[in-house]
Structure formats: C-alpha cells, structure tokens
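Residue-level listing of the chains:
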Amino acid sequence: MTEPNVEAWKDEYSGRERVRMVVELLDEPATVSDIADRADVAWGTADSELENLLAEKKVQEYTDDGNTKYGLNPVQMLVEEVLELINENARDELESDLVEYKSQVESLQDEYEVETLSELRDNLIEEDLSAEKMREIRNVASTWEALETEIRLTKHALELYDDVTRLSDSDGDRLAPA
C-alpha cells in the first residue's frame, strides 16, 4: 500500500477544506487535536473550522471522558442527502430507483432463503461455514445494508419531493443542501 502524497494534498486543498474532508470521513467523534493531525493543520485552524461547522450544524459536540469531540450531525447529513436526491433526480427516476433497490433486496432474500438482514447475519454463527462462504455472506450483508439505506433515503426524498420542488419553483431554483 502506498502512502498518500501529503504535499499534493496540502497544495490542492486549504487547511479548512482538509478539516472538512477529515470530519466527513470520521467513523466516530474525534478531538480537535486528532482532526488537526489528520488534516495536517494547526490546532487553531482545526478549532476555528470546527466552530464554523458547529454553527452550520454540520457537526455536533460530544463529551467523552472529559474530552470534547466532534462528529458529523446525522440529522444534517440526512437532510443534505435527501435534498441532493431530490435536486438531482426527477420523481419518476426516484420511483424507478426505489423499485430497483427493493427488487435487489428481494433477490437476496430468495437467493439466501431469509426474510431479513438479521437472519442472513445469523447464518454466520449458526452454520459451520468455510471462510470463503463467511466472506460471501458478509459481503452480501453489506450490500443489503447499503440497499436498505438507499431505500430509506429514496423514500424520504419521495415523501418530500413535491414540497421541495414547490418551494424551489417559487424561489426559481431547487433548494440546495446547507
């Protein structure tokens, strides 16, 4: 595995952009110091940009063992993803996508003879499986989980589609994510 070209990253993006990129990729909340290190910026730059992100409601503050940590605001992420779907797709495209995602889940249900993702995952511990079969089930479970996420997002977009496009039409442009 090759090391990322840190100098190229620093040349291409400002410190504030790098902080935002690091925050978007966090698996769990992190301290200002951790984020500054990952973004290769001064602590003050990271702190200032995190305060901006906090004001924009893009991150939330958490306290863990007396340390303040920052993580993505899941509500804001959901709103932005739904607005992006609405802005980039016509209603019929969203409906088509929803049918396709549901069809893919049904195919997985039939192929693995289970009704739910939990049942599929239970197969990992209930049966004597080869490592290859276990990897296959884990990959299928990841795909199924991603499909369920897309189904939820697409349903939210369809539920809000008319309201957002009506507001957009009155403003002359579709609503942009914050």
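Here is a short report on the structure shown in this document. Predicted, not measured: the structure shown is a model, and the values here were computed from it. (Residues numbered from 1 in each chain as written. Predicted model: local features only at pLDDT ≥ 70, side-chain atom pairs only at ≥ 80, totals over all residues. Heavy atoms only, no water.)

## With respect to the pairing of strand β1 (residues 59–64)
The pairing of β1 with strand β2 (residues 67–72) spans six bridges and is antiparallel. Its bridge partner lying in β2, Thr63 is registered against Thr68. (Pairing = 2+ DSSP bridges. Helix = DSSP H or I, 4+ residues; strand = E, 2+ residues; numbered from the N terminus.)

## With respect to the pattern of salt bridges
Scanning the model with the defined rule gives eleven salt bridges in all. Between Asp64 and Lys69 there is a salt bridge whose closest N-O contact spans 3.1 Å. By relative accessible area, which is 34% here, Asp64 ends up partly exposed. What makes Lys69 buried here is its relative accessible area of 19%. The closest approach of N and O atoms between Asp162 and Arg91, which form a salt bridge, is 3.3 Å. In this pair, Asp162 sits in helix α8 (residues 131–171) while Arg91 sits in helix α6 (residues 91–112), placing the two residues 71 residues apart along the sequence. For Arg91, a relative accessible area of 27% gives the class partly exposed. (Salt bridge = Lys/Arg side-chain N within 4 Å of Asp/Glu carboxyl O. Buried < 20%, exposed > 50% of the residue type's maximum accessible area, 1.4 Å probe, protein only.)

## Examining a negative patch on the surface
Together, Glu106, Asp110, Glu113, Glu115, Glu119, Asp122 and Glu126 make up a negatively charged patch on the protein surface. Ranked by the residues each element gives to the negative patch, the list is headed by helix α7 (residues 117–126), at three residues. Relative to the helices and strands, Glu113 is located in the loop between α6 and α7. (Patch = residues over 30% accessible without salt bridge, like charges linked within 9 Å, V, L, I, M, F, W, Y side chains within 5 Å. Areas by Shrake-Rupley, 256 points an atom, 1.4 Å probe, with all protein chains shown as cover. Lys, Arg positive; Asp, Glu negative; His and termini not counted. Charge placed at Lys NZ, Arg CZ, Asp CG, Glu CD.)

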